[in-house]
Amino acid sequence: MTLAQFAHDKNMTYEQYEQLQANIKALAEATLQDLKQVHKTDTGVYYPITEIIHPLADNNTKAFLIVELKKLGVEFYDNNALYRY
């Protein structure tokens, strides 16, 4: 499911869709900055995503956040359960 399909299914307006898109991008950038503080880059070790994404987060939003983090260079493994940067 794409973000546009998700917004359409939730009956969001175009402005709400753009705001959701901006919020996810901002959250991904903030998460990446946190990652840089928590673990050194290029360690080669995968860490559980529960360190960066709350386990009770909405599954749809979590998927979109993971997509944005992938665009920023974060690598995911084991069905997006582990990450490294």
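One structure accompanies this document, and this report is about it. (Residues numbered from 1 in each chain as written. Predicted model: local features only at pLDDT ≥ 70, side-chain atom pairs only at ≥ 80, totals over all residues. Heavy atoms only, no water.)

It is worth spelling out empty space enclosed by the protein at this point. This structure, assessed with the given rule, holds one cavity of 30 Å³ or more. Of the volumes computed, that of the largest cavity is approximately 50 Å³. Forming the walls of the largest cavity are L35, H39, K40, T43, V45, Y47, Y83, R84 and Y85. (1 Å grid on protein atoms, 1.4 Å probe; cavity = no way out; pocket = protein on both sides within 12 Å on 5 of 7 lines; lining within 4 Å. Points joined across faces, edges and corners; volume = space filled by probe spheres on them.)

Where empty space is left can be seen by rolling a probe of water-molecule size over the atoms. Of the voids in this model, the largest pocket is the one considered here, and its volume is about 170 Å³. Taken together, L3, Q21, I24, K25, F64, V67, E68 and K71 make up the full set of residues lining the largest pocket. Sorting the residues of the lining of the largest pocket by element identifies α2 (14-38) and α3 (59-71) as the ones contributing at least two each. If one sorts the elements of the lining of the largest pocket by residue count, α3 sits on top with four residues. The residue inventory of the lining of the largest pocket, partitioned by class, reads four nonpolar, one polar and three charged. (Helix = DSSP H or I, 4+ residues; strand = E, 2+ residues; numbered from the N terminus. Nonpolar A, V, L, I, M, F, W, Y, C, P; charged D, E, K, R; others polar.)

The next thing to look at is the sheet that holds strand β2 (residues 75-77). Taking strand neighbours across the sheet as the criterion, the three strands line up as β1-β3-β2 in an open arrangement whose pairing is antiparallel. Pairing within the sheet leaves two strands with one partner each, and these edge strands are β1 (47-48) and β2. The sheet contact formed by β1 and strand β3 (residues 82-84) spans two bridges and is antiparallel. Looking at β3, one finds that Y47 is bridged to Y83. (Pairing = 2+ DSSP bridges.)

Time to look at the packing of α2 against α3. One way to put it is that α2 packs onto α3 with a least axis distance of 9 Å and a crossing angle of 60 degrees. In terms of their interaxial angle, α2 and α3 are classed as oblique. At the point where α2 passes α3, the crossing takes the right-handed sense. Packed against α2, whose contacting residues are I24, K25, L27, A28, T31 and L32, the element α3 presents F64, L65, E68 and L69 at the interface. (Axes fitted to C-alpha atoms, helices over the stretch in contact; angles between N-to-C directions. Parallel < 35°, antiparallel > 145°, perpendicular 65-115°, else oblique. Left-handed = near helix turned anticlockwise from the far one by under 90°. Contact = heavy atoms within 4.5 Å.)

Below, the discussion takes up the side chain of K62. Inspection of the secondary structure assignment puts K62 in helix α3. Salt bridges are absent for the buried K62, whose nearest opposite-charge side chain, D58, sits at 8.7 Å. When sequence neighbours within four positions are dropped, the list of residues in contact with K62 reads I49, I53, H54, P55 and A57. (Buried < 20%, exposed > 50% of the residue type's maximum accessible area, 1.4 Å probe, protein only. Lys, Arg positive; Asp, Glu negative; His and termini not counted. Salt bridge = Lys/Arg side-chain N within 4 Å of Asp/Glu carboxyl O.)

Before going further, it helps to examine the pattern of salt bridges. Taken as a whole and judged by the stated rule, the model has two salt bridges. Across the pair E68 and K71 runs a salt bridge, and its minimum N-O distance is 3.3 Å. Here E68 pairs with K71, and both are found in helix α3, just three residues apart, close to one helical turn. E75 is the partner of R84 in a salt bridge, and the nearest nitrogen-oxygen pair spans 3.2 Å. Take R84: its relative accessible area is 25%, and that puts it in the partly exposed class.

These figures come from the coordinates and say nothing about function on their own.
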